[in-house]
Amino acid sequence: MAITTVPETPRKPGRPPSPYSARPQRTSLGRKVRDNLTGHAFLIGAVLCFVVFSWYPMVRGIIMSFQRTRRGETTWVGWDNYSRIIADPSFWTAWQNTFYFTVLALALGYVVPFFVAILLNEFRHAKGYLRILVYLPVMLPPASALFLFKFYAYDPSEAGLFNAILKALHLPTSQWMQSPEMTMPAMVLASTWMNMGGAVLIYLASLQNIPGELYEAAELDGAGIWRRIVHVTIPQTRLILALLAMLQIVATMQLFIEPLILANGAGAEDSATSVAYLIYQHGFFQNDLNGAAALGVIMLVVLAGFSAVYVRLTAKQD
Amino acid sequence: MAQDSGTRTLISQSQLSRGRGRVIYWTLLVVVVAGFTLVFLGPLYWMVTGALKSGQEIAQTPPSLFPKDPQPQNYIDAWNNLALAKLLFNTFYYAIGAVLFQLVFDTAAAYSLSKLRPIFGNVILALMLGTLMIPAMVLIVPQYVTVIDLPILHINLLDSPFAIWLPLVANAFNIFLLKRFFDSIPEELMAAALMDGATSLRTLWSIILPLSRPILGVVSIFAVTAVWKDFLWPKLVMPSPETRTVSVGIYAFAGGTPMNVVIAASVIAAIPTVIIFLIFQRNIMSGLTTGSIKG
């Protein structure tokens, strides 16, 4: 949960645009230059880090995707890396799996937290306790949480936690990560358990900003609980809903550590291979950094497409 | 965070406290409290106690709720065989460094953008915020290539803590969070300091920072947990067994180690972040939601 905000700074109206506004107007040119130098001096550390570790790699990734390095010699190969990557049959499997994960994760990890937040918001008791509980798994190192699922919950024998529960309920047990059909749902379940806390807290905060009069009015008009949710809660939180949908898509498209730990990478019959895992495979096992860079650019383009749709949708609503 | 300020929510308070509403409310509350405890705390209980079970007990059906013959030896084995002391020390060291680097550079940058407002400040801020939309996975390869051969300097940062510290400074979310906080500090305080002849650095140190303690705390906690939770980046840039972080170390050992020992190690790795969370949960929650907009 790194990104929880909208880059939208509400400026106080009438706020002066220049620094030290209360200071006398007779600023000399020299003073201005000096102020600016100090300003930039304070920025330099962070900006350098952005240049070296964010902005430059961004450009470099795109350049690398059109190059090929062999025995220390770098040549320009045009779209070769792209065609090679796309020709790889696991490319399409990986995208299919990743989209499948994203859709399942949206259904579970996006809708469920919203209703959990609505529920928690109604409670007058045990609120703090419930909030701590939901957020607790977010604080576990993902490797720790996933080993827990891998060894205990998804144990395919009847000694596994989930199978023991299913058996006690007289339901058929599952092979979990060893069955290609269950791999994705099992990964989504683990991932949702680990990550839903952040979304719940953000929803809760925005639910608390909904004016009570709106519910009051809806109730007087005879709207039941469900219609109050549809006509008051959802419209009132739509910006947060849209933002979290976007963030959820970006986050789930990067599916990596779940396949790596739960499914030892590709999983049964490649049912766990994700695009991010493929990037990792190409870049760090097959010594094909250029192919991995091309895959990264493709992922960026796909996500940029989603962002464009997001901007469209949210802009229209305003 | 606004806390139960008595404002009405979806269902009116009077409806909840009378007759049928009251019964439903309490039933639902009990069900949810029990359910959530089971769902979110249960697995953790299973983890802590499971690591105390013997290999046979783990494989038995149905699984036992309490370890019959607790084997603390699993935890001791995990500690010794995986060299957890060293791994924990490494992770702790990277986390502290990350806090210091982020506090110094990100605070200075946010201060500059918020109060000094140099020319092109807005462009720089926009470029920084733009990186929020770029997923880490997209940059992983070019970032790695950059780290093994730093441009101009031609230094290899593999196995150097700077490979973890410096990329974390490029954190647009922190800078945005800090800038928003600094924006709320009145301009008049700055002007007064200027009248007294204070330099920009002095103003930052004596006026801005003391007022910003809450947000600095939030940024520090986020920095620690980010380092503790990160996996792929430390796995790539800290390839030697001596420089690994605890998550990567457990993963590297998982193949040839009995699973109760791996789980015991996972429990130990999770303890520091869980403790941090329990101590600072209020700050963490407010930090998570300060940036969120009114819906």
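As recorded in an unreviewed UniProt entry, chain B goes by Multiple sugar transport system permease protein and comes from Micromonospora vinacea. Reading the Sequence similarities (unreviewed entry) entry of the UniProt record for chain B gives the comment "Belongs to the binding-protein-dependent transport system permease family." Its UniProt record, at the heading Subcellular location (unreviewed entry), says of chain B: "Cell membrane".

Under an unreviewed UniProt entry, the name given to chain A is L-arabinose transport system permease protein Ar aP, and the organism recorded is Micromonospora noduli. Regarding chain A, the UniProt comment filed under Subcellular location (unreviewed entry) reads as follows: "Cell membrane". Turning to chain A, the UniProt record has this under Sequence similarities (unreviewed entry): "Belongs to the binding-protein-dependent transport system permease family."

## Things to note about the overall build of chain B
The number of helices and strands found in chain B is 15 helices and zero strands. Its C-alpha atoms give chain B a radius of gyration of 24 Å, clearly above 19 Å, the size a compact globule of 295 residues would have. Principal-axis analysis of the C-alpha atoms gives chain B an extent of 75 × 70 × 35 Å. A sequence separation of at least 24 residues applies to 70% of the contacts in chain B between residues at least 6 apart. Distance from the positive charge centre (18 side chains) to the negative charge centre (13 side chains) of chain B: 14 Å.

## Concerning the interface of chain A and chain B
Counting residues at the interface gives 118 residues for chain A and 123 residues for chain B. Here chain A and chain B share 21 residue pairs in polar contact (both at pLDDT 80 or more) between them. Sorting elements by how many residues they give to the side of chain A that touches chain B places helix H1 (residues 29–64) of chain A first, with 22 residues. For the side of chain A that touches chain B, the class distribution of residues is 77 nonpolar, 26 polar and 15 charged.

About the criteria used
Residues numbered from 1 in each chain as written. Chains lettered and ligands numbered in written order. Predicted model: local features only at pLDDT ≥ 70, side-chain atom pairs only at ≥ 80, totals over all residues. Heavy atoms only, no water. UniProt positions renumbered as here; feature names shortened; annotations may be inferred. Helix = DSSP H or I, 4+ residues; strand = E, 2+ residues; numbered from the N terminus. Rg over C-alpha atoms; globule rule 2.2 N^0.38 Å. Contact = heavy atoms within 4.5 Å. Lys, Arg positive; Asp, Glu negative; His and termini not counted. Charge placed at Lys NZ, Arg CZ, Asp CG, Glu CD. Polar contact = N/O pair within 3.5 Å; in protein donor to acceptor, adjacent residues only side chain to side chain. Nonpolar A, V, L, I, M, F, W, Y, C, P; charged D, E, K, R; others polar.

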